[in-house]
Amino acid sequence: MAKIELIKHIFLIGLPLVGKSSLGRETAIALNVPFIDLDNEIQEIANSSISKIWTELGETQFRVLERFCLLRAMVKPPTFIICGGGTPIFMDNIEKINQYISVYCHMDIDLFQDRKAVDRPMLGGHNTGDRLRELKRIRESYYNRSIYKYNCEVGIEQNVQSFILFLNENGILKNHY
């Protein structure tokens, strides 16, 4: 059996609810490589939920904390790093991310707008489909600066298999036989 090694960090970016966390986590598990979910890192450092951080500290302080977690993740050995939907659009985060491997995970909003938005302050209190369309309009120019684009429109099991194939076809994984 081949041992898989990441040649660089792989950053997954895209809209909230598109499936970045599931895809990154499940792919990392399938490949037996590490992964970091920036939202989880933020919550761990702050010892609080994303919504509570957002409410109590505001977006600016949240983004500072997010940036800290992003930079901290970058000094670790090659890892799948799952970004929050807004991570690439603040400061020079997209430029930092693109020093490694960035993948814009996308799909038609109609296919995921009904997913449950748990602990998503940018979506709270809004019609999710309308809000996602607005966020896409605002953020897509940043997402499109990613090195790769990956369509997430199939189920997670198929997505993991096709994503691994995508990573191999693009020379992103190093196989040791």
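What counts, and where the lines are drawn
- Residues numbered from 1 in each chain as written.
- Predicted model: local features only at pLDDT ≥ 70, side-chain atom pairs only at ≥ 80, totals over all residues.
- Heavy atoms only, no water.
- Helix = DSSP H or I, 4+ residues; strand = E, 2+ residues; numbered from the N terminus.
- Buried < 20%, exposed > 50% of the residue type's maximum accessible area, 1.4 Å probe, protein only.
- Contact = heavy atoms within 4.5 Å.
- Areas by Shrake-Rupley, 256 points an atom, 1.4 Å probe, with all protein chains shown as cover.
- Expected span 1.5 Å × (residues − 1).
- Bend = angle between axes of the 7 residues up to and from the residue.
- Salt bridge = Lys/Arg side-chain N within 4 Å of Asp/Glu carboxyl O.
- Pairing = 2+ DSSP bridges.
- Axes fitted to C-alpha atoms, helices over the stretch in contact; angles between N-to-C directions.
- Disulfide = S-S within 2.5 Å.

Topic: the overall build of the protein
Looking only at helices and strands, the protein has 6 helices and 7 strands in total. The order of helices and strands in the protein, counted from the N terminus, is β-β-α-β-α-α-β-α-β-α-β-α-β. Looking at the protein as a whole, 45% of its 177 residues are labelled buried. Excluding contacts between residues fewer than 6 apart, the proportion of contacts in the protein whose partners are at least 24 apart in sequence is 76%. Accessible surface computed for the protein: about 9000 Å², of which carbon and sulfur atoms make up 50%.

Some details on helix 5 (residues 128-143)
Think of an α-helix as 3.6 residues a turn; residues three or four steps apart then line up on the same face. When the terminal C-alpha atoms of helix 5 are compared, their 19 Å separation across 16 residues is substantially less than the 22 Å that a helix rising 1.5 Å per residue should span. The largest bend along helix 5 measures about 45 degrees and falls at Arg137. Within the sequence span of helix 5, burial applies to Thr128, Gly129, Arg131, Leu132, Leu135, Arg139 and Tyr143. Buried residues belonging to helix 5 abut strand 2 (10-13), helix 3 (50-74) and strand 5 (101-106).

Some words on the pattern of salt bridges
This structure, assessed with the given rule, holds 9 salt bridges. One salt bridge connects Lys136 with Glu140, and the closest N-O pair in it is separated by 3.9 Å. A residue pair is termed a helical-turn pair when its members lie 3 or 4 positions apart in one helix, as Lys136 and Glu140 do in helix 5 at 4 residues. For Lys136, a relative accessible area of 26% puts it in the partly exposed group. Linked by salt bridges that have partners in common, Glu59, Arg63 and Glu66 make up one network.

A closer look at the sheet that holds strand 2
Across the sheet, which stays open at both edges, the 5 strands sit in the order 3-4-2-5-6 with parallel pairing between neighbours. Each of the sheet's edge strands pairs with one partner strand only, and the pair in question is strand 3 (35-37) and strand 6 (148-151). Pairwise comparison of adjacent strand axes, ignoring direction, gives a mean angle of 25 degrees for this sheet. This element, helix 1 (residues 20-31), spans strand 2, strand 3, strand 4 (80-82), strand 5 and strand 6 of the sheet and lies at about 165 degrees to strand 4. Taken strand by strand, helix 2 (residues 38-46) contacts strand 3 and strand 4, and its axis lies near 65 degrees from that of strand 3.

Observations regarding helix 3
Taking 1.5 Å as the rise per residue, helix 3 with 25 residues should run 36 Å; its terminal C-alpha atoms sit only 21 Å apart, a clear shortfall. Gly58 marks the point of greatest bend in helix 3, at about 115 degrees. If you check which residues of helix 3 are buried, you get Ile50, Ile53, Trp54, Phe62, Arg63, Leu65, Glu66, Arg67, Cys69, Leu70, Ala73 and Met74. Turning to helix 3, the residues buried within the fold contact strand 2, strand 3, helix 2, strand 4, helix 4 (93-97) and helix 5.

Quick look at the environment of Ser162
Tracing the sequence through the fold places Ser162 in helix 6 (residues 156-169). Sequence spacing of Ser162 and Cys152 is 10 residues, and the spatial spacing of their C-alpha atoms is 9.5 Å.

Observations regarding the state of the cysteines
Here the structure, examined in full by the defined rule, presents 0 disulfides. You can see Cys83 has no disulfide; the closest cysteine sulfur is in Cys105, sitting 9.8 Å from it. In this structure Cys83 comes out as buried when scored by relative accessible area, which is 3%.

As for the pairing of strand 6
What you see with strand 6 is a clean split: Tyr148 and Tyr150 sit on the buried side and Lys149 and Asn151 on the side with no burial. Sheet analysis places strand 5 next to strand 6, joined by 4 bridges and oriented parallel. Across the sheet, the residue bridging to His106 is Asn151, located in strand 6.

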